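# Observations on the model geometry
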Protein chains: 2
Amino acid sequence: MDFLEEPLPGVGTYEDFNTIDWVREKSRDRDRHREITSRSKESTWALIHSVSDAFSGWLLMLLIGLLAGSLAGLIDISAHWMTDLKEGVCLAGFWFNHEHCCWKSNTTFTDRDKCPEWKSWSQLILGHGEGAFAYILNYFMYVVWALLFSLLAVLLVKGFAPYACGSGIPEIKTILSGFIIRGYLGKWTLIIKTITLVLAVSSGLSLGKEGPLVHVACCCGNILCHLFTKYRKNEAKRREVLSAAAAAGVSVAFGAPIGGVLFSLEEVSYYFPLKTLWRSFFAALVAAFTLRSINPFGNSRLVLFYVEFHMPWRRKTTKLGKYPVLEVFVVTAITAILAFPNEYTRMSTSELISELFNDCGILDSSKLCEYVNDFNSTKGDDLPDRAAGPGVYTAMWQLALALIMKVFITIFTFGMKVPSGLFIPSMAVGAIAGRLLGVAMEQLAYYHHDWAIFSGWCSQGADCITPGLYAMVGAAACLGGVTRMTVSLVVIMFELTGGLEYIVPLMAAAMTSKWVADAIGREGIYDAHIRLNGYPFLEAKEEFSHKTLAMDVMRPRRNDPPLTVITQDSMTVEDVETIINETTYSGYPVVVSRESQRLVGFVLRRDLIISVENARKKQDGIVSTSIIYFTDHSPPLPPSSPSMLKLRSILDLSPFTVTDQTPMEIVVDIFRKLGLRQCLVTHNGKLLGIITKKDVLKHIAQLANQDPDSILFN
Amino acid sequence: MDFLEEPLPGVGTYEDFNTIDWVREKSRDRDRHREITSRSKESTWALIHSVSDAFSGWLLMLLIGLLAGSLAGLIDISAHWMTDLKEGVCLAGFWFNHEHCCWKSNTTFTDRDKCPEWKSWSQLILGHGEGAFAYILNYFMYVVWALLFSLLAVLLVKGFAPYACGSGIPEIKTILSGFIIRGYLGKWTLIIKTITLVLAVSSGLSLGKEGPLVHVACCCGNILCHLFTKYRKNEAKRREVLSAAAAAGVSVAFGAPIGGVLFSLEEVSYYFPLKTLWRSFFAALVAAFTLRSINPFGNSRLVLFYVEFHMPWRRKTTKLGKYPVLEVFVVTAITAILAFPNEYTRMSTSELISELFNDCGILDSSKLCEYVNDFNSTKGDDLPDRAAGPGVYTAMWQLALALIMKVFITIFTFGMKVPSGLFIPSMAVGAIAGRLLGVAMEQLAYYHHDWAIFSGWCSQGADCITPGLYAMVGAAACLGGVTRMTVSLVVIMFELTGGLEYIVPLMAAAMTSKWVADAIGREGIYDAHIRLNGYPFLEAKEEFSHKTLAMDVMRPRRNDPPLTVITQDSMTVEDVETIINETTYSGYPVVVSRESQRLVGFVLRRDLIISVENARKKQDGIVSTSIIYFTDHSPPLPPSSPSMLKLRSILDLSPFTVTDQTPMEIVVDIFRKLGLRQCLVTHNGKLLGIITKKDVLKHIAQLANQDPDSILFN
């Protein structure tokens, strides 16, 4: 009786914090596909099953797009309402935000946002909004709400879903590369992350919601995978879906579907076949469309400007980091106290960026546009460069202060245990710096248009400098420097701003910031965090440039005991159990005999344990002295001997091998491109040793003079 | 004496129509890089060399961008001038095109393009432009010029550079996948292609210049590679440059730098590391910038609308195809004769597309915009749907005729031996169909706005249908159906039109057309041509779905003579020469001994021939009975025996091996991802056989019920 015709439950699955074997997963999916295809000719029902299986991928993309878009819309609306709650409340209905409240108002009022229905806290409590005491009361309420929101967020994360903190992008990158972190993309993480993201953004902390939205979209993707057997049971297929979900996440975060696909390709994904490109594209399209149709502001520009960036939690914590709640309290209190007095830090960061990108028209009422108007020289819509008025000078000082504050506060906000993105803060920093430079240039050009650098292209009374463009380029450059994105950054920026004509300055900014940042340190923020967290991530961007050979990396090393192997037809159940108990390797090579060391295949520890235990329990006659056969045909046994255990079905007959003389650069390439877990090393046809992914990572760390033990997981 | 310390010239190079070994090329580049890096610490000069080596890639990209942009500008200007030459000549200077001529004119004239300096041929010859005879004369001159241009083009291609015909994209795809076609990207191809492209476009044939521009840019890239040792000597590195050059080509063809990068990624490239993404981005940026700065029309829109698509020559020719000059004559004559009377086929195709995309304003003078104006209902810029006037009805008929003509003529134009692209013709077909549908819908909505499908969103007097958008979507859909591009298509379309807001309809069109086209046949136009030409291209998009094993594909087959092997330390020079002469394999496995069949390495035929011949000529004491050693250490020889030949240096010590039980899907994956030329097959540690790329391709063809002998090259 061949006991193992049907695979046992558990055989072929993975443990937590382990790396999947891409080749095996993809083979399994192809087997499944072949079976469905061949069955489809048998009956109509099987045919329907085959067709629905083929379309399930697209259906899944549709669902992910719908869910991610809806959640993003929900988060948008809630965050907007709660941000306004810090300043006041709407009497017409507490569920209206400031803008909605004034929009619904029937009474007439002068300033667009000063309708009688909207009461600031001082107006509500004191009955008026003037004077120092009212200001202090507003200030106090602002800080109190901010603290309330952020504390609630950190407590929820701490209590219910520790994986919900940070942006999640480094972990998603690691998961997409084949690592398993159970629960990281689960339903609890999704629920808590969605709620706490709203709280964290509303609290006014210097963080963005775009990175976390990628995590939220990936949770949606992972959860929806459970609806389809094809994706539920196959780790490789599921990762294709997650790549597309990441694209949908960026798509809703920035209102940039194409940018999302490119971000997933350039920054996040590991295995990205063209099929995934098309599916990502579809998911991103649906998500953007869903968000746009539920967007309650009726202003697609607002969505288009909602850009942020993400910085995850660190495992290596500071002293303060051991008390996450205290940390959040302190940082929120400082942020709120510093932010309130300065107009540019009090407004939401996306509004700030939107205002900085804005080019001043004649009628703009913003302080940034308070120029000395000279209407005589105005020709049509084309405003010439003008002298800055007092408003601009005030704005410059406030922006300079805001810049300093943003830079410092953002650094501290990054490491906190709340969902936090870094896109918006880093764009804001870049946009402020860009606007400051832009206005300075503009004034220089206005007062010194005869200088050599301006002559030729900037005559008097002409419009030669656009400070808004400087801000846009600054934002792109800052974001590019932090993430090292290039193509996807430019696409996201022009999808955000709709400014296709600015593609050349944006491209130049992206390239320059990448070069400058690379000169200082090679790693982008995500890669740095993957390294800090010790995830087993094999970087595809870095070239392996050392001249080591497979024999230098393989185990056993020169003076180690020889490699633990299993022979194909001479070991007993007890022998194998001894090997399992005495070693912790995740798999064992199977050889013809110990003397010849000729490789037959590879068997995984997990599969071996499950099969042997199962046979001991359920199969008659299996005792400690039963011989295990991995061969195709087993010899006839004498009647007295115990019955044998055939385990050929769990044997991987096509293990990857390299020779001991293979340069490590080729081995690294094979591991990366094929997604291997391990590779066997031979010399002149004899098995010599084994190289696992962890060995490769440790070797790379060692050569980079890092602690090889920083690679933590398997 | 170890003779082979310095590699012999020729060792490590490839013959024409052979496939490169990516792994070996990349290893060689890394070796080179390591050597330069380690030397850089020795002297300042070496340090400068190391730095300049690191920057040479970027410098090369800059040069490619500049050259490709300049050539594209030159082609643009020349083609524009020669197209106008078919209609008349400028008296102010024959080198002015129609637009320039009238632009330079000092006299006043009513119609923008009817200045006195520009003379049609009838005006020049007869002195007037009215009447039937003048019309016939203009018609005649139009046909004569068209024939002259196209005949000159086909003769130049035939006489000087046969590789210059077609679009070149299928060949470039094949070259990028590792195939070698000498001269395909050489200087003669570049010169002749540039000249004949202008001629072919000017002749008014139904072809575009965008595909060929990709070929032109790749020629630039290949030629400029010769300036840098790093790229001249390494086939893999050169292919990275060519990928970027292809991006630059699309960038200038469409004025779409991002689209170009995506096109290169999605459609053309085989090996596309992230480094290439950044470099492509840079090259595309420079090229677009160069083109825009030399664009003499001062109208970036014009460049932006110049979109086309390409169809290469076929190897399987028709009867007519054996007479390329006659074919071109006949097709040009028919095209010119049919095109002249119809306004929409007479104008250049890009102008046609531009007009079809155009949304009618109040002042538009085009026939397509001759609506019955009702100025009372006009609100600002927002034009309501209006009843079509007689001009629109005439235009509809002419467009319908143009559609039929374009479809048929384009099919015949494809196979001709002139540089020809298919982008513009297929976009034109789609745009005409889209515009026709758009106008029909508009009139339906105007007359029947109470119908259920219009109710709700289209009230009377509202502007609900934009025929120009229908044209744009139609163009995208048609192009998508032919090429099966998705993401790159959408990006190119919105870079072309600047219409970021139309991203959703464009995405929907791209997806739908891909689905519909895939349902009819899986192959895009390039893949179909690669197949027709029998190139050894291993498609990365198609999944290999059969359940065959490596042992079913490997050679020798079951009843064949055993595999030809070389032993590591027992064969004489004569033995090896016999093997070389009796077999035609491109390489031989080296084993410990024939009995054990334990694999040591792999040696390439070309390297072996060169080394043995060289040793025979230059090394003392090498005779037919000299023993060839592939081992590291050779035994001491008795004094009487002839001196030995050590060839370890040409031995590849890390050949790829798979077991005979490995599923072919994994083998195909390995070939694709690692870019292998061959892979050895083992069973229980013994060498069994070999699988080459050609074996894989033949196997795939066989399983697809195609003739396996259609794979022609090695």
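Residues numbered from 1 in each chain as written. Chains lettered and ligands numbered in written order. Predicted model: local features only at pLDDT ≥ 70, side-chain atom pairs only at ≥ 80, totals over all residues. Heavy atoms only, no water.

## Points about the overall build of chain A
Within chain A one finds 27 helices and 11 strands. By the burial criterion, 58% of the 714 residues in chain A qualify as buried. In chain A, the proportion of contacts linking residues at least 24 apart, taken out of those at least 6 apart, comes to 72%. Split by element, the accessible area of chain A, about 29,500 Å² in all, is 61% carbon and sulfur. (Helix = DSSP H or I, 4+ residues; strand = E, 2+ residues; numbered from the N terminus. Buried < 20%, exposed > 50% of the residue type's maximum accessible area, 1.4 Å probe, protein only. Contact = heavy atoms within 4.5 Å. Areas by Shrake-Rupley, 256 points an atom, 1.4 Å probe, with all protein chains shown as cover.)

## Notes on the UniProt feature "domain: CBS" (unreviewed entry) in chain A
All names here are of chain A. Taking the UniProt record as the reference, the feature "domain: CBS" (unreviewed entry) is found at residues 554-618 and 644-710. Between the first and last C-alpha atoms of residues 554-618 the distance is 38 Å; the span itself is 37% helix and 23% strand. Taken end to end, residues 644-710 has its terminal C-alpha atoms 44 Å apart, with 33% of it in helix and 27% in strand. (UniProt positions renumbered as here; feature names shortened; annotations may be inferred.)

## Some thoughts on the relation of the copies chain B and chain A
For the match of chain B to chain A, the screw axis carries a shift of 0.0 Å, the RMSD comes to 0.1 Å, and the turn is 180 degrees. These values place the two chain copies in the arrangement generated by a two-fold rotation axis. Scanning chain B for the C-alpha nearest the rotation axis identifies G685 of chain B, at a separation of 2.5 Å. The fraction of interface residues of chain B whose copies in chain A are also interface residues reaches 100%, indicating that both copies meet through the same surface. (Least-squares fit on C-alpha atoms with pLDDT ≥ 70 in both.)

## Let's talk about the pattern of salt bridges
According to the stated counting rule, one finds 48 salt bridges over all chains in the structure shown. Put simply, R555 of chain B and D695 of chain B hold a salt bridge, and the shortest N to O gap is 2.8 Å. Remark: D695 of chain B occurs in helix 27 (residues 693-703) and R555 of chain B occurs in the loop between helix 23 (550-553) and strand 3 (566-567); sequence separation between them is 140 residues. In this structure R555 of chain B comes out as partly exposed when scored by relative accessible area, which is 34%. Relative accessible area serves as the criterion here: at 9%, D695 of chain B is assigned to the buried category. Several salt bridges share partner residues, and in doing so they unite R30, D31 and R34 of chain A together with K547 and E665 of chain B into one network. (Salt bridge = Lys/Arg side-chain N within 4 Å of Asp/Glu carboxyl O.)

## Regarding the sheet that holds strand 3 (residues 566-567) of chain A
Sheet strands line up and pair through hydrogen bonds in the backbone, either parallel or antiparallel. Residues and elements named next belong to chain A. One open sheet accounts for 3 strands, arranged 3-5-6; its pairing is mixed. In this open sheet, the two strands that pair with only one neighbour each are strand 3 and strand 6 (599-604). Helix 25 (residues 605-618) rests against strand 3, strand 5 (587-591) and strand 6 of the sheet, and its axis sits at about 75 degrees to strand 6. (Pairing = 2+ DSSP bridges. Axes fitted to C-alpha atoms, helices over the stretch in contact; angles between N-to-C directions.)

## Some words on the nonpolar core
Formed by 318 residues in total, the largest nonpolar core has its most connected members in I258, M493 and I691 of chain A together with I258, M493 and I691 of chain B. Here this core gets 12 residues from one element, more than from any other, and that element is helix 10 (residues 235-254) of chain A. Contacts of M493 of chain A, omitting those with residues within four sequence positions, involve F357, M427, M472, A475, A476 and L506 of chain A. L608, F630, L651 and L653 of chain A belong to the second largest nonpolar core, which has 22 residues in total. (Core = buried A, V, L, I, M, F, W, Y, C linked by side-chain atoms within 4.5 Å.)

## What to know about the packing of helix 26 (residues 664-674) of chain A against helix 1 (residues 22-39) of chain B
Running from N to C, helix 26 of chain A and helix 1 of chain B cross one another at 130 degrees; their axes reach a closest spacing of 10 Å. Between helix 26 of chain A and helix 1 of chain B, the angle is such that the two are oblique. Every pair of crossing elements has a handedness; the one defined by helix 26 of chain A and helix 1 of chain B is right-handed. Contact residues: E665, I666, D669 and K673 of chain A in helix 26 of chain A; V23, K26, S27, R30, D31 and R34 of chain B in helix 1 of chain B. The class makeup of the residues in the contact of helix 26 of chain A with helix 1 of chain B is 2 nonpolar, 1 polar and 7 charged. (Parallel < 35°, antiparallel > 145°, perpendicular 65-115°, else oblique. Left-handed = near helix turned anticlockwise from the far one by under 90°. Nonpolar A, V, L, I, M, F, W, Y, C, P; charged D, E, K, R; others polar.)

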